[in-house]
Amino acid sequence: MTMEDIFKTMQDLIAEQFAIDADEISMDSSFVDDLGADSVDLVELVMAMEEEFNVGEIDEDDLTGLKTVGDCVRYLYNKMS
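No experiment lies behind these values; they were computed from the predicted model shown.

(A) Quick peek at helix α4 (residues 69-80). Between the first and last C-alpha of α4 there are 17 Å, a value that for 12 residues agrees with the 16 Å anticipated at 1.5 Å per step. Looking at the buried positions of α4, the neighbouring elements they touch are α1 (3-18), α2 (39-53) and α3 (60-63).

(B) Here's a closer look at a negative patch on the surface. Taken together, the side chains of E57, D59, E60, D61 and D62 present a region of like negative charge at the surface. Mapping E60 onto the fold places it in helix α3.

(C) View of the packing of α1 against α2. Remark: α1 packs on α2, axes separated minimally by 10 Å, with the N-to-C direction vectors making an angle of 140°. When the axes of α1 and α2 are compared, the pair comes out oblique. Remark: the crossing between α1 and α2 carries right-handed chirality. Residues I6, T9, M10, L13, I14, Q17 and F18 of α1 touch α2, and the partners they reach there are D41, E44, L45, A48, M49, E52 and F53. Taken together, the residues of the contact of α1 with α2 break down into nine nonpolar, two polar and three charged.

(D) Looking closely at the environment of E16. Of note, E16 is situated in helix α1. Owing to a relative accessible area of 68%, E16 belongs among the exposed residues under this scheme. Taking the C-alpha atoms as reference, E16 lies 9.6 Å from L45; in sequence the two are 29 residues apart.

(E) Up close: the UniProt feature "domain: Carrier" (unreviewed entry) in the protein. As recorded in UniProt, the feature "domain: Carrier" (unreviewed entry) lies at residues 4-80. Annotation note: span residues 4-80, helix share 60%, strand share 0%, distance between end C-alpha atoms 14 Å.

(F) Representation of the UniProt feature "modified residue: O-(pantetheine 4'-phosphoryl)serine" (unreviewed entry) in the protein within the structure. Per the UniProt record, "modified residue: O-(pantetheine 4'-phosphoryl)serine" (unreviewed entry) is found at S39. Assessed through its relative accessible area of 53%, S39 is described here as exposed.

The rules behind these values
Residues numbered from 1 in each chain as written. Predicted model: local features only at pLDDT ≥ 70, side-chain atom pairs only at ≥ 80, totals over all residues. Heavy atoms only, no water. Helix = DSSP H or I, 4+ residues; strand = E, 2+ residues; numbered from the N terminus. Expected span 1.5 Å × (residues − 1). Contact = heavy atoms within 4.5 Å. Patch = residues over 30% accessible without salt bridge, like charges linked within 9 Å, V, L, I, M, F, W, Y side chains within 5 Å. Areas by Shrake-Rupley, 256 points an atom, 1.4 Å probe, with all protein chains shown as cover. Salt bridge = Lys/Arg side-chain N within 4 Å of Asp/Glu carboxyl O. Lys, Arg positive; Asp, Glu negative; His and termini not counted. Charge placed at Lys NZ, Arg CZ, Asp CG, Glu CD. Axes fitted to C-alpha atoms, helices over the stretch in contact; angles between N-to-C directions. Parallel < 35°, antiparallel > 145°, perpendicular 65-115°, else oblique. Left-handed = near helix turned anticlockwise from the far one by under 90°. Nonpolar A, V, L, I, M, F, W, Y, C, P; charged D, E, K, R; others polar. Buried < 20%, exposed > 50% of the residue type's maximum accessible area, 1.4 Å probe, protein only. UniProt positions renumbered as here; feature names shortened; annotations may be inferred.

The structure is reproduced here in structure tokens:
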């Protein structure tokens with residue numbers, strides 16, 4: 001799976017979870033500042049990511065570094081490589 005494939009899937013997941021248009025989501029979008037996510041939104045998104053990308057449980061320590069959509073895309077790409 002390429003980074004672009006991961007990004008497109010992430011766009012769809014985020015759009016569904018946060019009830020926004022996928023076109024509003026870029027690699028630079030901050031979950032909190034740009035997308036208005038709260039802690040519950042982020043927990044639900046992480047669970048959706050784990051299921052969608054079949055990467056097992058995402059470590060809590062790893063989550064602290066995932067502030068933007070791009071952070072998540074790179075993280076998933078590395079985890080699946």
